[in-house]
Amino acid sequence: MDVTRRTLFLCLFLAALCLLPAFAAGPGTAPDAHPGFDAIWNSATATPLERPLQLKEKAFFTPEEAAEWERQVAERNQEPSAEAVSKSVGTGTYNTFFREFGSRTVKTLRTSIVTDPPDGRIPALTPEAAAVKRRRVEAMTNAASAQDTGLQDQCLAFVTAGPPMLPYSYNSNYQIMQTKDAFVVYAEMIHDTRIIRLDGRPHLPPEIRLWLGDSIGHWAGATLVVDTTNFNDGGGFYGDAGGNFGWDRSLHLVERFSLLDADTLLYRFEIDDPTAFAQPWKGELTMARSSGPIYEYACHEGNYALSNLLRGYRFSER
């Protein structure tokens, strides 16, 4: 082997050694990324956002209690009989074939996603925020325009994208990808993508407001700590269809991503919004590693419902 060929072989060999860590970490993963996070994760769970009142101060299930709770949830989520549907008011919604309610409690066996206050309930809204919510609900029941419909009906914001990222009754999947200077969370619902900057840059100027806020993060050992500000007003009522919580420009959110085990992502969050809530509150849930894939999500493409509803309103006005 002549000198030129030996030099070329050595260069190719060294380049391959440099690439090995990236391939070991997974496709699309930066060589210096924290291993184990790059995957598809599913947050569907039988654990409710707020603790049911009958559980009072009980923060955790025993394994036996969790199994019984899962049985009750599965029973409630069964397809209703034709007789029950005929007696109900309204046209209903998707049948259970399209749902993903979640059949297991979170792996930590908590009785609610909300962990603080101790009663597992979202704190009361401030009087001002409660008034905004009341106006939003009243407008949705008799929408005069598309702007009066819920944020989810407008395909503007879904609870799964958050942040915080909360489970819904379907499409509760996320794909996490890491680069050298970013932690990317792609949400299945409305294919929202949140880029969490890790390059040390500060938050955007306060006049720039975003639906998902502006997220910057840093690693504290094996935990990614994410600080998010710069939210917009969002109509003052987040997750209209799910009825989750209010938010405004004062919302400050801290999230923590860590691995509970090789197949479980522990996701914790802290919400501080003094103009919306009587006090700060916290929550946590676990997500299970999923084989995927995530399919492309289309919100209103080919959906005639909203335009037909508004057409009906205009007809009734005439």
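Residues numbered from 1 in each chain as written. Predicted model: local features only at pLDDT ≥ 70, side-chain atom pairs only at ≥ 80, totals over all residues. Heavy atoms only, no water.

## Some points on the overall build of the protein
Let me state the cut-off plainly: Note on conventions: DSSP H or I runs of at least 4 residues are helices, E runs of at least 2 residues are strands, and numbering of each starts at the N terminus. Only protein chains enter the calculation, and the probe is 1.4 Å; a residue is then buried if its accessible area is under 20% of its type maximum, exposed if over 50%, and partly exposed in between. What makes two residues a contact is simply this: any of their non-hydrogen atoms within 4.5 Å. Computed by Shrake-Rupley with a 1.4 Å probe, the accessible areas treat only the displayed protein chains as cover when residues are assessed.
When helices and strands are counted, the protein shows 5 helices and 10 strands. Across the 318 residues in the protein, those meeting the buried criterion constitute 42%. Once local pairs closer than 6 in sequence are excluded, the contacts in the protein between residues at least 24 apart make up 60%. Split by element, the accessible area of the protein, about 17,500 Å² in all, is 59% carbon and sulfur.

## A short note on the nonpolar core
Put simply, the rule is: The set of buried Ala, Val, Leu, Ile, Met, Phe, Trp, Tyr and Cys residues whose side-chain atoms join them within 4.5 Å is what this entry labels a nonpolar core.
Ranked by internal contacts, the top residues of the largest apolar core, which has 46 residues, are F183, F257, F269, L285 and M287. By residue number, the principal contributor to this core is strand β9 (residues 264-272), which donates 4 residues. Beyond its immediate chain neighbours, meaning those up to four positions away, F183 contacts F37, I176, M177, Q178, R194, I195, I196, L198, W219, L224 and F257. In this structure, A46, L55, W69 and V73 belong to the second largest nonpolar core, which totals 6 residues.

## Concerning the pattern of salt bridges
Applied cut-off: The term salt bridge refers to a pairing of a side-chain nitrogen on Lys or Arg with a carboxyl oxygen on Asp or Glu at a separation within 4 Å.
The tally for this structure, following the rule as stated, stands at 13 salt bridges. In this structure, the salt-bridge partner of R256 is E270, at a minimum N-O distance of 2.8 Å. Taken together, the positions of R256 in strand β8 (residues 252-261) and E270 in strand β9 put the pair 14 residues apart, joining distant regions of the chain. One salt-bridge network, in which partners are shared between bridges, spans E68, R71 and E75.

## Observations regarding the side chain of T111
Checked against the element boundaries, T111 lands in the loop between α3 (82-87) and β2 (114-116). Leave out the neighbours within four places in its chain, and T111 touches T47, P48, R51, P52, L55, K58, A59, F60 and F61.

## Examining the environment of R71
Assignment of secondary structure puts R71 in helix α2 (residues 63-76). A C-alpha to C-alpha distance of 9.2 Å links R71 and R104, two positions 33 residues apart in sequence.

## Describing the environment of D148
For clarity, the threshold we go by: Polar contacts, as counted here, are pairs of nitrogen or oxygen atoms within 3.5 Å of one another; within protein the pair requires one atom able to donate a hydrogen and one able to accept it, and residues that are adjacent in sequence qualify only if both atoms are side-chain atoms.
In this structure, D148 sits in the loop between α4 (127-141) and β3 (173-178). Taking relative accessible area as the criterion, D148 reaches 22% and is therefore assigned partly exposed. In this structure, D148 is in contact with R136, A139, M140 and A143, ignoring residues within four places of it in sequence. Engagement of the side chain of D148 in a polar contact is seen with the backbone nitrogen of A144, the distance being 3.1 Å.

## Here we look at the confidence of the model for the protein
Put simply, the rule reads: Note: pLDDT gives the predictor's confidence per residue, expressed from 0 to 100.
Confidence in the prediction for the protein averages 83 pLDDT; 81% of positions are at 70 or higher. Confidence over residues 1-28 falls short of pLDDT 50; this stretch has 4 contacts with residues more than four positions distant or in other chains.

## Regarding α4
This is how it is decided: A helix is expected to span 1.5 Å for every residue after the first. To obtain the arc, one takes the directions from the helix axis to the C-beta atoms.
Spanning 15 residues, α4 covers 21 Å between terminal C-alpha atoms, matching the ideal 21 Å at 1.5 Å per step. Those residues of α4 that sit buried are A129, A131, R136 and A139. Buried residues of α4, viewed axially, fall in a sector of 160°; they line one side. Opposite its buried face, α4 presents the exposed residues P127, E138 and T141, each directed more than 90 degrees away.

## Remarks on the pairing of β9
This is how the line gets drawn: For two strands to count as paired, DSSP must find a minimum of two bridges between them.
Pairing of β8 with β9, which is carried by 9 bridges, proceeds in the antiparallel orientation. Counted as the bridge partner of L253 is I271 from β9. In sequence, β8 turns back onto β9 through a hairpin of 2 residues. Here 8 bridges tie β9 to strand β10 (residues 281-290), and the two strands are oriented antiparallel to one another. Within β10, the position partnered with R268 by the bridge is E284.

## Side note on the side chain of R194
Tracing the backbone shows R194 in strand β5 (residues 193-197). At a separation of 3.0 Å, a polar atom in the side chain of R194 contacts the side chain of S215. When sequence neighbours within four positions are dropped, the list of residues in contact with R194 reads P163, M165, F183, V184, V185, L212, S215, V226, T228, E255 and F257.

## What about unusual backbone geometry?
Of note, the bond from G162 into P163 is cis; its omega dihedral lies within 30 degrees of zero at -10°. Along the chain, the position of P163 falls in the loop between α4 and β3. Residue P293 follows G292 across a cis peptide bond; omega there is 0°. Mapping P293 onto the fold places it in the loop between β10 and α5 (305-317). Positioned with a positive phi, N171 is a non-glycine residue whose angle comes to about 55°. Tracing the backbone through its elements, the reader meets N171 in the loop between α4 and β3. The phi torsion at H191 lies on the positive side, around 40°, for a residue other than glycine. When you line up the elements, H191 lands in the loop between β4 (182-187) and β5.

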